[in-house]
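# Structural overview for review
Now for the letters of each chain:
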Amino acid sequence: MHALKQDDTPQPAPGRRNFLIGAPACLLALGSLSTGTRAAGAEHTLPPLPYPIDALDPVLSANTLGYHHGKHHKGYVDNLNRLLSGTELAGQALEAIILRTAGQPAQAAVFNNAAQVWNHNFYWQSLRPRGGGKPPAELAHRLDEAFGSVAACKKELAAAAIAQFGSGWAWLVADGGRLRVVRTSNAELPLTQGLRPLLTVDVWEHAYYIDYQNRRADYANAVLDRLINWDFALENLHRHA
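What counts and what doesn't
- Residues numbered from 1 in each chain as written.
- Predicted model: local features only at pLDDT ≥ 70, side-chain atom pairs only at ≥ 80, totals over all residues.
- Heavy atoms only, no water.
- Phe/Tyr/Trp six-rings, centres within 6.5 Å; stacked < 30°, edge-to-face > 60°.
- Helix = DSSP H or I, 4+ residues; strand = E, 2+ residues; numbered from the N terminus.
- Buried < 20%, exposed > 50% of the residue type's maximum accessible area, 1.4 Å probe, protein only.
- Axes fitted to C-alpha atoms, helices over the stretch in contact; angles between N-to-C directions.
- Parallel < 35°, antiparallel > 145°, perpendicular 65-115°, else oblique.
- Left-handed = near helix turned anticlockwise from the far one by under 90°.
- Contact = heavy atoms within 4.5 Å.
- Nonpolar A, V, L, I, M, F, W, Y, C, P; charged D, E, K, R; others polar.
- UniProt positions renumbered as here; feature names shortened; annotations may be inferred.
- Core = buried A, V, L, I, M, F, W, Y, C linked by side-chain atoms within 4.5 Å.
- Salt bridge = Lys/Arg side-chain N within 4 Å of Asp/Glu carboxyl O.
- Pairing = 2+ DSSP bridges.

## Here's the deal with the packing of aromatic side chains
- Within this structure, the stated rule accounts for 10 aromatic pairs.
- Summarising the aromatic geometry, the rings of Tyr-123 and Trp-169 are spaced 6.2 Å apart at their centres and angled 75 degrees between planes, so their arrangement reads as edge-to-face. Residue Tyr-123 is found in helix α4 (residues 108-126), and its partner Trp-169 is found in strand β1 (residues 168-175); the two are separated by 46 residues along the sequence. Of the two residues, Tyr-123 and Trp-169, both sit in the buried class.
- Chaining the aromatic ring pairs together yields one cluster made of Trp-118, Phe-122, Tyr-123, Trp-124, Trp-169, Trp-171 and Phe-232.

## Overview of the packing of helix α5 (residues 137-147) against helix α6 (residues 150-163)
- Relative orientation of the contacting elements α5 and α6 amounts to 70 degrees, with a least axis distance of 8 Å. When the axes of α5 and α6 are compared, the pair comes out roughly perpendicular. Between α5 and α6 lies a crossing whose hand is left-handed. Touching Ala-140, Leu-143, Asp-144 and Phe-147 of α5 are Val-150, Ala-152, Cys-153 and Glu-156, all from α6.
- The class makeup of the residues in the contact of α5 with α6 is 6 nonpolar, no polar and 2 charged.

## Observations regarding the UniProt feature "binding site: Mn(2+)" (unreviewed entry) in the protein
- In the UniProt entry, the feature "binding site: Mn(2+)" (unreviewed entry) is given for His-68, His-120, Asp-202 and His-206. Annotated residues spanning 139 residues; largest pairwise C-alpha distance 11.9 Å, indicating a single compact cluster.
- Take His-68: it is sitting in helix α2 (residues 62-84).
- Once residues lying within four places of it in the same chain are set aside, the contact partners of His-68 are His-73, His-120, Tyr-123, Trp-124, Asp-202, His-206 and Ala-207.
- Note on placement: His-120 falls in helix α4.
- Overall, the relative accessible area of 0% leaves His-120 in the buried class.
- Not counting chain neighbours up to four residues away, the residues in contact with His-120 comprise His-68, His-73, Tyr-76, Trp-169, Asp-202 and His-206.

## Side note on the nonpolar core
- Counting 68 residues, the largest nonpolar core has Leu-60, Leu-127, Leu-143, Leu-172 and Tyr-219 as the members making the most contacts within it.
- Considering every element that reaches this core, the biggest residue donor is α4, with 9 residues.
- Among all residues touching Tyr-219, those that are not within four sequence positions of it are Leu-60, Tyr-123, Val-201, Asp-202, Val-203, Ala-207, Tyr-208 and Tyr-212.

## Some remarks on the pattern of salt bridges
- All told, the structure shown has 6 salt bridges when counted by the stated rule.
- Asp-78 is the salt-bridge partner of Lys-74, the closest N and O atoms lying 2.7 Å from each other. One end of the pair, Lys-74, and the other, Asp-78, are both in helix α2, 4 residues apart, so they sit about a helical turn from each other.
- Accessibility expressed as a relative area gives 36% for Lys-74, which makes it partly exposed.

## Thoughts on the sheet that holds strand β3 (residues 196-202)
- Overall, antiparallel pairing links the 3 strands, which are arranged β2-β1-β3 in an open sheet. Looking at strand neighbours, the two that pair on one side only are β2 (178-185) and β3, the edges of this open sheet. Recorded for the sheet is a direction-independent mean angle of 25 degrees between the axes of neighbouring strands.
- Where α4 meets the sheet, it contacts β1 and β3, and its direction lies at approximately 85 degrees from that of β3.

Right, dumping it as structure tokens:
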């Protein structure tokens, strides 16, 4: 993995892997669930948070969500609209833009901003007030099969979040019929690897630094124990399976 810039607007990432067979279908299928909708030809917009801004207190403060959603997430949306203006990609759906620009160095800025909009839309739904706890029975069974226990899955997700060097994401994904934990750098997302994301933890510094400073491990474990949205993961497991 390349050394990464720690925060703010993602930098162009050369040498992205080519899409695996099946990735475009996976990306377009999940897009309607995780990225919102808009009229054809319209600019991309910032979706509202799926809960009140203070609903994740005390794990994530309203101050953190205000900056993360209202500044950083909004910044990616604004940057994307600016980059697309007057180009052949203007007016296209977010998922189509990601598909057309992934792996193309000349389009790295467009990909980074489009992917970060998608990633953040997905992240907010991966959390919920009074989350964590026991997953639904069906998902718990699948986690037991894949990791040995729910606790072992959470431990692996936390380890991935902590080990990610610089900015990035820790993901629970479906790889065919198998559940796995993976991590990606900067704006990269599992969809470009033919994997179906079930939930994610954002480990860019702006996701946690106001509340946790450099204690990324405390942030990751608190999110997994108290906020993670297992129901959302199960929805994604069922959808387009």
